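# Geometric and topological summary
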Amino acid sequence: MSLLPGVLAGETRAIARLLTRAEAGAAEAREALDAAYAAAGRAHVVGITGVPGSGKSTLVAKLVADIRRTGRRVAVVAVDPSSPYSGGAILGDRIRMAEVAGDPGVFVRSMATRGALGGLAHGTLEAVDVLDAAGFEVVLIETVGVGQDEVDVARAAHTTVVVSAPGLGDDIQAIKAGILEIADVHVVSKCDRPESDRAIADLRNMLALDLATSRRPLWRVPVLPVASLRDEGIGALREAIDRHREALDAEGGLLARRREIARRRLVKAGEDILRERFSREGEERIAALLQDLVERRASPRAAARALLDELAEGGTR
Ligand SMILES: Nc1nc2c(ncn2[C@@H]2O[C@H](COP(=O)(O)OP(=O)(O)OP(=O)(O)O)[C@@H](O)[C@H]2O)c(=O)[nH]1
Ligand SMILES: [Mg+2]
């Protein structure tokens, strides 16, 4: 049975089922996901990233409640919902504690960190398509900014928020994680703590240096203090996120960003398809080619080419 009509009507159960099937890699989900992609494109996709334990989930729960107060429906996809080494809580718990529990205008989904075949970015963004198609006006993606895959997910958003906590080290952690430059909005979290002034000043200084070489003269990246546990700064963050979307619209940047996201997703999808086919159909052939490689009768590149040609002859899916 197709889940798509239910998804397009925004039915929570149909959405949850399609996401489960997609995550399990069910073949029958493929068509519905392709249709979801076609129906998507209206949501404002916002990436929330930062090092483990920086306060992302706590922030997201508050942000969701604030966005709801503007009347919009909002969905969250959390990748790596809780890293064991950070003391972070599972996002669902935070949401359950927040005032939005039980609200049908809120949908929260945690994704497994990584499928057996890789493809974190691909799967996450397909979940975003489903939620977008289901009529959620804002889709938040929480990712831990630690690896290239996670950064890729954050970059697939229209607006990327980078969260830094004060006092977790002398350097600004975002630099270490290599995510500073992808921020459209910076948040310094846990601003009830005394060290937060220093973190805010450091970030602002860095951005001032950065401004000289900025390729985005029309958008000034703000540094916003937030204290999620005290509900301070959340409204200002929501406004900055909305303003960023408006700025993108106004300067024609949204189309450029959509094209860039589309390009990256196309390449990622291609890589995923290849990886799947290698592991599903290529094992036997790989085993046969290994001896040629070991005995240097073929180079890895030549052998890979031969393998790809064979797989291409085998079908197109
Ligand atoms: N003092 C203070 N602590 C906070 C604040 N926000 C979050 N925390 C604490 O910081 C810790 C991590 O918070 P999370 O929201 O789970 O952080 P996270 O970035 O989602 O963590 P991971 O998902 O594991 O990467 C928890 O102990 C929170 O209670 C805040 O505004 N002030
Ligand atoms: Mg979290």
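Residues numbered from 1 in each chain as written. Chains lettered and ligands numbered in written order. Predicted model: local features only at pLDDT ≥ 70, side-chain atom pairs only at ≥ 80, totals over all residues.

### What to know about the overall build of the chain
- Along the backbone of the chain there are 13 helices and seven strands.
- A total of 317 residues make up the chain; the buried ones form 40% of that total.
- Here the analysis covers contacts within the chain between residues at least 6 apart in sequence; of these, 74% occur between residues at least 24 apart. (Helix = DSSP H or I, 4+ residues; strand = E, 2+ residues; numbered from the N terminus. Buried ≥ 20, exposed ≤ 12 C-beta atoms within 10 Å, placed from the backbone. Contact = placed C-beta atoms within 7 Å.)

### Points about the environment of valine 64
- Tracing the sequence through the fold places valine 64 in helix 4 (residues 56-69).
- Along the backbone, valine 64 and alanine 75 are 11 residues apart, and their C-alpha atoms lie at a distance of 8.1 Å.

### A short note on the packing of helix 2 (residues 12-23) against helix 3 (residues 29-39)
- In contact at an axis separation of 9 Å, helix 2 and helix 3 are set at 120 degrees when each is read in the N-to-C sense. The pairing of helix 2 with helix 3 is recorded here as oblique in orientation. Relative to helix 3, helix 2 is oriented so that their crossing is left-handed. Only Ala29, Ala32 and Leu33 of helix 3 make contact with helix 2, whose side of the interface consists of Leu18, Arg21 and Ala22. (Axes fitted to C-alpha atoms, helices over the stretch in contact; angles between N-to-C directions. Parallel < 35°, antiparallel > 145°, perpendicular 65-115°, else oblique. Left-handed = near helix turned anticlockwise from the far one by under 90°.)

### A few points about the environment of glutamate 31
- Structurally, glutamate 31 is set in helix 3.
- Distance in space between the C-alpha atoms of glutamate 31 and leucine 4 is 9.3 Å, their sequence separation being 27 residues.

### Observations regarding the packing of helix 4 against helix 10 (residues 234-250)
- Packing of helix 4 against helix 10 leaves a shortest axis separation of 10 Å and a crossing angle of 70 degrees. As judged from the angle between their axes, helix 4 and helix 10 are roughly perpendicular. Viewed along their axes, helix 4 and helix 10 form a crossing whose handedness is right-handed. Across the interface between the two elements, Lys62, Leu63, Asp66 and Ile67 from helix 4 touch Ile234, Gly235, Leu237 and Arg238 from helix 10.
- Its residues placed into classes, the contact of helix 4 with helix 10 shows four nonpolar, one polar and three charged. (Nonpolar A, V, L, I, M, F, W, Y, C, P; charged D, E, K, R; others polar.)

### Some points on the sheet that holds strand 3 (residues 106-111)
- Spatial strand order, 3-2-4-1-5-6-7: seven strands in an open sheet with parallel pairing. Strands at the two margins of the open sheet, each flanked by one partner only, are strand 3 and strand 7 (223-225). Strand-to-strand twist in this sheet, taken as the mean axis angle between neighbours without regard to direction, amounts to 20 degrees.
- The pairing of strand 1 (residues 44-50) with strand 5 (residues 159-164) spans five bridges and is parallel. The residue bridging glycine 50 from the neighbouring strand is valine 163, located in strand 5. (Pairing = 2+ DSSP bridges.)

### Some thoughts on the pairing of strand 6 (residues 185-188)
- The side-chain alternation of strand 6 yields two buried faces, one formed by Val185 and Val187 and the other by His186 and Val188.
- Strand direction decides the pairing type here: strand 6 and strand 7, joined by three bridges, are parallel. Counted as the bridge partner of valine 187 is leucine 224 from strand 7.

### A few points about the pairing of strand 1
- For strand 1, a buried count of seven out of seven residues is recorded, marking the element as mostly surrounded by other parts of the structure.
- Burial of strand 1 is two-sided: the residues His44, Val46, Ile48 and Gly50 facing one way and the residues Val45, Gly47 and Thr49 facing the other way are all buried.
- As judged from the seven bridges shared by strand 1 and strand 4 (residues 138-144), these two strands associate in the parallel manner. Residue pairing across strands places threonine 49 opposite threonine 143, the latter belonging to strand 4.

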